[in-house]
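Examination of the molecular architecture
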Amino acid sequence: MVSNQKRRVKLSTPTIVPFGPVDLIITNAVVLKKYSLAFEHSHASFELHLVTAGHSILHVDGESFPVSAGQFCWINPGVNRYVESNPVEECEHFVVHFDFLKRPYKDIYAIFDCQDIPAFLSAVRTKKVWISNRQNRGLNIYEYLQNEFENRSLGYMIVVRNMLCSLVVEAIQNIGYQESPTRRDGEQPGQRLEYSVLAYIRTHYAEDITIETAAKTLNISTRHITRLLKEHFGTTFNSTLNGFRVAHVQERLICTDDSMDRIAEETGFSSSITMAANFKKVTGCTMQSYRKISKEKDL
């Protein structure tokens, strides 16, 4: 449990993270107790609640959703909400406000070219609120984020921004596992098939995987995988796999001093030479330049 002294992750300027054709813009992150959550309000931006302590009921436009520690509550813009909690039980939510804006330019230092984000945003707006229904790393990310912000070691704001971004992405992944009205052949319970393919790549990106191994694991054809990725996300299996790997390379370049050979080994690339070529193709710059620029921004 975090101490009572740690209340707000103060952002002097919005945190902006490129996600392919859109920017993820995080404007505020704050720890709220029961009395700060109890009044009805709405926001023009997305609001993410990570329940960090207690049991409570989230009221959204007349609907009620019981939530407890460890769950995410993703609330769409313009929706009225308030939280009802037991007066004798601790209740705490970590609340993040953010939005997605279309980018009119190509940022060569983009962390990951997430072509699936527009499809996700279209799907997520079909409901006012989404509550996570599977295990997630939210509380671990939250504790890590709070510790970094309290200790304020050199480069801590880079880590804080990364953790805030990771929290939003973790919530997106949870929503990707929500129950679908209909199931298709090869689909896992509670998971759309196109997201099953993404989940497989996300889980096994550091291994020697191919579209053939994915097809065998998911019990569908390689042609079906190709069609799903093209139809829903406008991408290919190899491009998606490469994107995940490069994203993790960027994280390690910023957060560690690991050698190129070690980073290549831990992110699924066959060699540092192959990794360098793919990194340059995706980001438009070399790994050495990316690491140098990222560290200089934090000085």
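First, a word on what this report is: a plain description of the structure on this page.

Rules used throughout
Residues numbered from 1 in each chain as written. Predicted model: local features only at pLDDT ≥ 70, side-chain atom pairs only at ≥ 80, totals over all residues. Heavy atoms only, no water. Helix = DSSP H or I, 4+ residues; strand = E, 2+ residues; numbered from the N terminus. Buried < 20%, exposed > 50% of the residue type's maximum accessible area, 1.4 Å probe, protein only. Contact = heavy atoms within 4.5 Å. Areas by Shrake-Rupley, 256 points an atom, 1.4 Å probe, with all protein chains shown as cover. Pairing = 2+ DSSP bridges. Axes fitted to C-alpha atoms, helices over the stretch in contact; angles between N-to-C directions. Salt bridge = Lys/Arg side-chain N within 4 Å of Asp/Glu carboxyl O. Arc of directions from axis to C-beta. Expected span 1.5 Å × (residues − 1). Polar contact = N/O pair within 3.5 Å; in protein donor to acceptor, adjacent residues only side chain to side chain.

1. Concerning the overall build of the chain
When helices and strands are counted, the chain shows eleven helices and ten strands. Across the 299 residues that make up the chain, the buried fraction comes to 50%. Expressed as a percentage of contacts within the chain between residues at least 6 apart in sequence, the contacts between residues at least 24 apart total 72%. Accessible surface computed for the chain: about 14900 Å², of which carbon and sulfur atoms make up 52%.

2. A word on unusual backbone geometry
Non-glycine residue Arg-152 carries a positive phi angle of around 55°. The topology assignment puts Arg-152 in the loop between helix H3 (138–151) and helix H4 (156–175). With relative accessibility at 48%, the residue Arg-152 sits in the partly exposed group. Although it is not a glycine, Asn-219 sits at a positive phi angle of roughly 60°. Among the secondary structure elements, Asn-219 is positioned in the loop between helix H6 (211–218) and helix H7 (222–233). According to the relative accessible area criterion, Asn-219 is exposed, its value standing at 64%.

3. A short note on the sheet that holds strand S5 (residues 55–60)
Within the open sheet, the three strands sit side by side as S6-S5-S8. Their pairing is antiparallel. Edge positions in the sheet fall to strand S6 (63–68) and strand S8 (81–85), since each of these pairs with one other strand and no more. Pairwise comparison of adjacent strand axes, ignoring direction, gives a mean angle of 25° for this sheet. Note: S5 against S8, five bridges, orientation antiparallel. Note that in S8 the partner of Ile-57 across the bridge is Glu-84.

4. Digging into the pattern of salt bridges
Note that side chains of opposite charge can pair when their charged atoms are close. Taken as a whole and judged by the stated rule, the model has nine salt bridges. Where Glu-90 meets Lys-33, a salt bridge forms, and the shortest distance between an N and an O atom there is 3.5 Å. Of this pair, Glu-90 sits in the loop between S8 and strand S9 (92–102) while Lys-33 sits in strand S3 (residues 22–33), placing them 57 residues apart in sequence. A residue is classified by how much of its surface remains accessible, and Glu-90, at 39% relative accessible area, is partly exposed. On the basis of relative accessibility, which here comes to 24%, the residue Lys-33 falls in the partly exposed class. Ionic pairing is found between Glu-266 and Arg-262, a salt bridge with its closest N-O pair at 3.1 Å. Taken together, the positions of Glu-266 and Arg-262, both in helix H9 (residues 260–266) and four residues apart, correspond to about one turn of that helix. Residue Arg-262 is classed as partly exposed on the basis of its relative accessible area, which comes to 46%. It is possible to trace a salt-bridge network through shared partners that takes in Arg-252, Asp-258, Arg-262 and Glu-266.

5. Section: the side chain of Asn-242
By the secondary structure assignment, Asn-242 is in helix H8 (residues 237–255). We classify Asn-242 as buried; its relative accessible area is 13%. Filtering out sequence-adjacent residues up to four positions away, Asn-242 remains in contact with Phe-269, Asn-278 and Val-282.

6. Some thoughts on helix H2 (residues 117–124)
Every α-helix winds through 3.6 residues per turn, so residues three or four apart in the chain are directed the same way. Among all positions in H2, only Ile-117, Phe-120, Leu-121 and Val-124 are buried. Down the axis, H2 shows its buried residues gathered within 100° of arc, on one side only.

7. Let's talk about H8
Given a rise of 1.5 Å per residue, 19 residues ought to cover 27 Å, and the 27 Å separating the end C-alpha atoms of H8 matches this to within 8%. When you tally the buried positions in H8, you get 14 out of 19 residues, the bulk of the element. Residue Thr-236 occupies the N-cap position of H8, its side-chain oxygen lying 3.1 Å from the main-chain nitrogen of Ser-239.

8. Some remarks on the pairing of S6
Pairing geometry for S5 and S6, over six bridges, is antiparallel. Residue Ile-57 lies in a different strand from S6, and its bridge partner there is Pro-66. With antiparallel pairing between neighbouring strands as the criterion, S5 and S6 make up a hairpin whose turn holds two residues, including Asp-61 at a positive phi of roughly 45°.

9. Quick notes on the pairing of S3
Note that strand S2 (residues 15–19) and S3 share five bridges and pair antiparallel. Looking at the pairing, Ile-16 lines up with Ile-25 of S3.

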